[in-house]
Structure formats: C-alpha cells, structure tokens
Amino acid sequence: MQKLAATNNQIIDPVCGMTIDPDKTDLFTVFQGDNYYFCAEGCREAFENKPLKYLKRKGWLGRYMDRLAKVNEKSFGCAGPKCH
Ligand SMILES: [Zn+2]
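Residues numbered from 1 in each chain as written. Predicted model: local features only at pLDDT ≥ 70, side-chain atom pairs only at ≥ 80, totals over all residues. Heavy atoms only, no water.

## Remarks on helix H1 (residues 41–49)
To be explicit about the condition: Only protein chains enter the area calculation, which uses a 1.4 Å probe; residues under 20% of their type maximum are buried, those over 50% are exposed, and those in between are partly exposed. Put simply, DSSP marks the helices as runs of H or I at least four residues long and the strands as runs of E at least two long, and each gets a number from the N terminus on. In this context, the arc is that of the directions from the helix axis out to the C-beta atoms. Contact definition: two residues touch when any of their heavy atoms are within 4.5 Å.
Here H1 has its buried residues at Cys43, Arg44 and Phe47. For H1, the angular spread of buried residues about the axis comes to 100°, placing them on one side. Of the surrounding elements, those touching the buried residues of H1 are strand E3 (28–31), strand E4 (34–37) and helix H2 (51–54).

So this is what it looks like as structure tokens:
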C-alpha cells in the first residue's frame, strides 16, 4: 500500500521551467537548505552561477503565480489572501 503518486513528486527546473522528476536525475544542487533539480548540466551551472536570479519567480513559474494571484483577486476582490 506504499504507492507514491509520481505526479506529486515533480519539481520545476528553476532555470528553464521544465518539469523534473527528481527520482530520475542526478542533476541537482543545494541552495539555502533546499534541493533544486535541473534538466541539464547547463541549467545547473547557470543556477549555481546566479541562484538568486532564478529564484525571483520569473519565467514560467512567475507567470503561473501571477495568474493565480489574479484569479484570487477576481474571486475575492480585495479580501483575497494575496491582496497587499
Ligand atoms: Zn533546464
């Protein structure tokens, strides 16, 4: 009964935004106590050179989070949890 849902195990490559299955890659780095996984050695190198550049929620993830925030705004008006 120890069935792990693989879809819950997927992680976004912070450099290019690809979905990564951490069970299937050795390409990861540890930054500020968190593991980050990458699709390719080049992505890992780019991240290690400038990790903060890729942690500012830019690109795919940033757009996704922005969209979520907008949906929240529409649903809840200014009472939503994302409203500053
Ligand atoms: Zn990548």
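## Considering the pattern of salt bridges
Rule in force here: A carboxyl oxygen of Asp or Glu within 4 Å of a side-chain nitrogen of Lys or Arg is what we treat as a salt bridge.
Summed over all chains, the structure comprises 2 salt bridges. Lys24 serves as the salt-bridge partner of Asp21, at 3.9 Å between the closest nitrogen and oxygen. Given a relative accessible area of 71%, Lys24 falls into the exposed group. A salt bridge links Arg44 to Glu41; the shortest N-O distance between them is 3.0 Å. With Arg44 and Glu41 both in helix H1, this residue pair falls 3 residues apart, about one helical turn. We classify Glu41 as partly exposed; its relative accessible area is 35%.

## With respect to the pairing of E3
Convention followed: Note on pairing: DSSP must find at least two bridges between two strands before they are called paired.
Only one face of E3 is covered, namely the face carrying Thr29 and Phe31; the face carrying Phe28 and Val30 is uncovered. Alignment of E3 against E4, held across 4 bridges, turns out to be antiparallel. The partner of Val30 across the bridge, within E4, is Asn35. Linking two consecutive strands that pair antiparallel, namely E3 and E4, is a turn of 2 residues; a positive phi of about 50° is found at Gln32 within it.

## Some thoughts on the nonpolar core
In summary, soluble globular proteins display a tendency toward joint burial of nonpolar side chains. Selection rule: Only buried residues count toward a nonpolar core, which is a set of Ala, Val, Leu, Ile, Met, Phe, Trp, Tyr and Cys residues joined through side-chain atoms within 4.5 Å.
If you look at the biggest cluster of nonpolar residues, it comprises 7 residues: Leu27, Phe31, Tyr36, Phe38, Cys43, Phe47 and Tyr54. When near neighbours in sequence (up to four residues on either side) are disregarded, Phe31 contacts Tyr36, Phe47, Pro51, Leu52 and Leu55.

## Digging into the side chain of Asp13
Threshold: All tallies of charge rest on Lys and Arg as positive and Asp and Glu as negative; His and the ends of each chain are not included. Pairs of N or O atoms are called polar contacts if they sit within 3.5 Å, as long as, within protein, a hydrogen donor faces a hydrogen acceptor (for residues adjacent in sequence, only side-chain-to-side-chain pairs).
Here Asp13 is to be found in the loop between strand E1 (11–12) and strand E2 (19–20). Of the side chains with opposite charge, Arg44 comes closest to the buried, unpaired Asp13, at an N-O distance of 10 Å. Of note is the side chain of Asp13, whose polar atom sits 2.8 Å from the backbone nitrogen of Val15.

## Remarks on the UniProt feature "domain: TRASH" (unreviewed entry) in the protein chain
For the record, the criterion: UniProt positions are given in the numbering used here, feature names are shortened, and annotations may be inferred rather than shown by experiment.
Under the local residue numbering, the UniProt record ascribes the feature "domain: TRASH" (unreviewed entry) to residues 13–51. Overall, residues 13–51 shows 26% helix and 26% strand. The separation of its end C-alpha atoms is 12 Å.

## Quick notes on the coordination of the zinc ion
Short version of the rule: In this description, a donor is an N, O or S atom within 2.8 Å of the metal centre, a cutoff extended to 3.2 Å for sodium, potassium and calcium. Water is not part of the atom list, which can make sites seem incomplete. Donor angles set the geometry label: tetrahedral for four donors if every angle is between 85 and 135 degrees, square planar for four and octahedral for six if opposite donors exceed 155 degrees and the others are between 65 and 115, irregular for anything else.
Binding of the zinc ion to the protein goes through Asp13 (OD), Cys16 (SG), Cys39 (SG) and Cys43 (SG), at separations of 2.0 to 2.3 Å. Because the angles between the 4 donor atoms bound to the zinc ion fall within 98 to 124°, the donor set is best described as tetrahedral. The exposure class assigned to Cys39 is partly exposed, which follows from its relative accessible area of 32%. Accessibility expressed as a relative area gives 12% for Cys43, which makes it buried.

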